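Chain residues, written in single-letter form:
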Amino acid sequence: MVTLIKNAKVYQPEYAGVQDILVLGDRIAAVGENLRADFGGSVEVEELDASGMAAVPGFIDSHEHILGGGGEGGFHTRTPEAALKDLIMNGITTVVGCIGTDGVARDMTALLAKAHGLENEGISTYTYTGSYQVPVQTLTGSLMKDIMMLDKVIGVGEVAISDHRSSQPAFEEFARIAADARVAGMLSGKAGIVNVHLGDSPRHIDLIERVVHDTEIPASQFLPTHVNRNEGLFQACLQFAKEGGTIDFTGNEDIDYWETICDEVRVCKGIRRLLDMGISSDRFTISSDGQGSMPIFNAEGEYQGIGIGKASCLLKEVRECVQRENIPLETAVKGITSNVASILKLGSKGHIKAGFDADICLLAEDTLELRTVMAKGNIVVRDGEQMVFGTFEKA
Ligand code: ZN
């Protein structure tokens with residue numbers, strides 16, 4: 001299968017000008033000007049005219065509850081699983097599945113089965129082992145064994161700290177998790193990342209800071225998430241990023257509402273502040289928390305029900321960075337492409353360059369609306385319509 005994408009404004013994510021992209025099988029074979037693919041008629045070549053479009057790497061969502069999440073309001077408040085369309089219709093071609101609060105009624109067996117299912121449907125999937133809970137509930141009975149021997153497992157998480165729903169791990173317990181994940185990652189050539197759920201308590205990221213300062217484990221072992229949950233937490237996380245850590249913003253489709261009831265930091269404003277502090281644009285990622293639960297309150301602060309995190313927020317946040325904060329697209333999009341691939345050590349992901357996986361999103365240049373999505377060389381969304389088993393359907 002050969003696809004030639006013509007005349008796209010290519011963001012590798014660094015802006016590379018108007019280029020063609022040649023895709024052979026599931027890989028990018030070449031990026032360059034006036035590329036031609038001529039096999040003397042023996043191979044069918046699909047040409048895709050991308051004039052007026054920006055080509056960016058397929059999005060990598062480092063934190064998505066693909067199995068559903070929630071349940072904090074009782075069993076009837078458990079949220080549904082992610083469907084393929086929830087991901088690809090929002091440009092996500094690689095997803096890392098995590099469990100969350102409930103590591104009892106949802107476990108690693110089910111999470112891995114779900115990840116394999118999405119992979120069969122055409123995207124790339126990984127998982128963390130465990131949930132909020134400590135000791136970490138694994139598949140094999142050993143955190144190290146899960147990371148080393150299960151192909152899809154690239155780290156541990158989301159381990160919850162500074163939250164009333166956390167297992168309240170002691171420093172030694174938390175440091176041991178990071179140490180085991182680190183060594184298992186080294187031994188298997190994976191990131192061994194510790195994805196840490198940050199709650200809203202004033203203890204912020206104290207536990208992570210202590211591990212980084214009091215042990216030999218570096219800041220790069222951690223990917224703390226929900227860093228923009230409140231202003232105090234965000235300030236602590238900016239300091240962590242300044243010291244070389246990478247911080248993960250959680251996108252929010254309904255931020256106009258949330259800004260009125262709490263001090264959650266709007267993602268584009270947070271990224272603007274990070275850049276203005278002189279922190280490297282390599283030091284942030286954005287994830288969706290898709291299918292996770294978000295309790296909703298009315299103006300009087302009364303519990304109304306549970307909303308659901310949406311995978312659509314990734315592109316929306318990048319669009320806001322560009323349109324509201326004048327952050328260049330090539331900088332903003334790093335947070336959902338190359339920066340994620342780097343911290344999670346996904347070597348063939350996150351770039352539009354020869355040899356990388358053919359995961360590509362085409363966006364309308366002016367509005368940054370998603371038009372076409374290629375995952376592992378297959379066009380899975382075409383002109384805004386999802387491709388299902390060989391046909392195109394309105395999603
Ligand atoms: Zn979380």
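All residue numbers here refer to positions counted from 1 along the written sequence of the relevant chain. For this predicted model, a pLDDT threshold of at least 70 governs which residues receive local features, and a threshold of 80 or more governs which side-chain atom pairs are given and counted, while totals over whole chains, interfaces and linings are taken from all residues. Side-chain measures here rest on the full set of heavy atoms in the structure, leaving out hydrogens and waters.

> Whenever I open this one, the coordination of the zinc ion confuses me. Can you help?
Here the coordinating atoms are restricted to nitrogen, oxygen and sulfur within 2.8 Å of the metal centre, or 3.2 Å for Na, K and Ca, and because water is not among them the sites may look incomplete. In the first shell of the zinc ion, the protein supplies Glu-158 (OE), His-197 (ND1) and His-226 (NE2), at 2.0 to 2.3 Å from the metal. For the zinc ion, the donor residues sit on a single chain with the sequence spacing E-x38-H-x28-H. Of the two residues, Glu-158 sits in strand β9 (residues 153-161) while His-226 sits in the loop between β11 (222-225) and α6 (231-242), which places them 68 residues apart along the sequence. For the pair formed by Glu-158 and His-226, the shared burial category is buried. What counts as a helix is a DSSP run of H or I of at least four residues, what counts as a strand is a run of E of at least two, and both are numbered from the N terminus. Think of it in three bands: residues with accessible area under 20% of the maximum for their type are buried, residues over 50% are exposed, and the middle band is partly exposed, with areas taken using a 1.4 Å probe on protein chains only.

> Is there a simple way to explain the side chain of Lys-316 in this structure?
The residue Lys-316 is located in helix α9 (residues 313-325) in this model. Dropping the residues within four chain positions of it, Lys-316 is found in contact with Asn-252, Glu-253 and Ile-255. It only takes one pair of heavy atoms within 4.5 Å for two residues to be counted as in contact.

> So what exactly am I meant to see when it comes to a nonpolar patch on the surface here?
In this scheme, patches are assembled from residues that exceed 30% relative accessible area and form no salt bridge. Like charges are connected within 9 Å, while nonpolar side chains (Val, Leu, Ile, Met, Phe, Trp, Tyr) are connected within 5 Å. Here, Shrake-Rupley sampling with a 1.4 Å probe gives the accessible areas, and only protein chains in the shown set may cover a residue. The term salt bridge refers to a side-chain nitrogen of Lys or Arg lying within 4 Å of a carboxyl oxygen of Asp or Glu. Among the surface-exposed residues, Leu-24, Phe-39 and Val-43 lie close enough to one another that they form a single nonpolar patch of about 220 Å² accessible area. Relative to the helices and strands, Leu-24 resides in strand β2 (residues 15-24). Exposure remark for Leu-24: the relative accessible area of 38% places this residue in the partly exposed category.

> Even after reading the chapter, I still don't get the environment of Glu-264, so can you show me in this structure?
Along the polypeptide, Glu-264 turns up in the loop between α7 (255-261) and α8 (267-276). By relative accessible area, Glu-264 is classed as buried at 17%. Once the C-alpha coordinates of Glu-264 and Asn-230 are considered, the two residues, 34 residues apart in sequence, prove to be 4.5 Å apart. Setting aside residues no more than four positions away along its own chain, Glu-264 makes contact with Asn-228, Arg-229, Asn-230, Thr-250, Asn-252, Ile-255, Trp-258 and Glu-259. Polar contacts involving the side chain of Glu-264 include one to the side chain of Asn-252, which spans 3.0 Å. N or O atoms closer than or at 3.5 Å make up a polar contact, with two conditions inside protein: a donor-capable atom paired with an acceptor-capable one, and, for residues adjacent in sequence, both atoms drawn from side chains.

> Can you walk me through the pattern of salt bridges in this structure?
Oppositely charged side chains can form a pair if their charged atoms are brought close together. For the structure shown, the criterion picks out 28 salt bridges. The partner of Lys-376 in a salt bridge is Glu-119, with the nearest N and O atoms 2.6 Å apart. Taken together, the residues span a long stretch of sequence, with Lys-376 in the loop between β17 (370-375) and β18 (378-382) and Glu-119 in helix α2 (residues 108-120) at a distance of 257 residues. Using a relative accessible area of 24% as the deciding quantity, one classes Glu-119 as partly exposed. For Glu-259, the salt bridge is made with Lys-269, and the minimal N-O distance between the two is 3.7 Å. Of this pair, Glu-259 sits in helix α7 while Lys-269 sits in helix α8, placing them ten residues apart in sequence. Looking at Lys-269, the relative accessible area reads 37%, which means it is partly exposed. Residues joined by salt bridges that share partners form a network here, namely Asp-256, Glu-259, Arg-266, Lys-269, Lys-316, Glu-317 and Glu-320.

> Looking at this structure, I do not really get the pairing of β11. What am I missing?
In regular strands, side chains alternate between the two faces of the sheet. Side-chain alternation along β11 places Phe-222 and Pro-224 on one buried face and Leu-223 and Thr-225 on a second face that is also buried. Here the term right-handed applies to a crossover when the path leading from its first strand over the helix to its second strand runs clockwise, the strands being oriented away from the viewer. Handedness of the β-α-β unit built from strand β10 (residues 193-198), helix α5 (residues 206-214) and β11 comes out right-handed.

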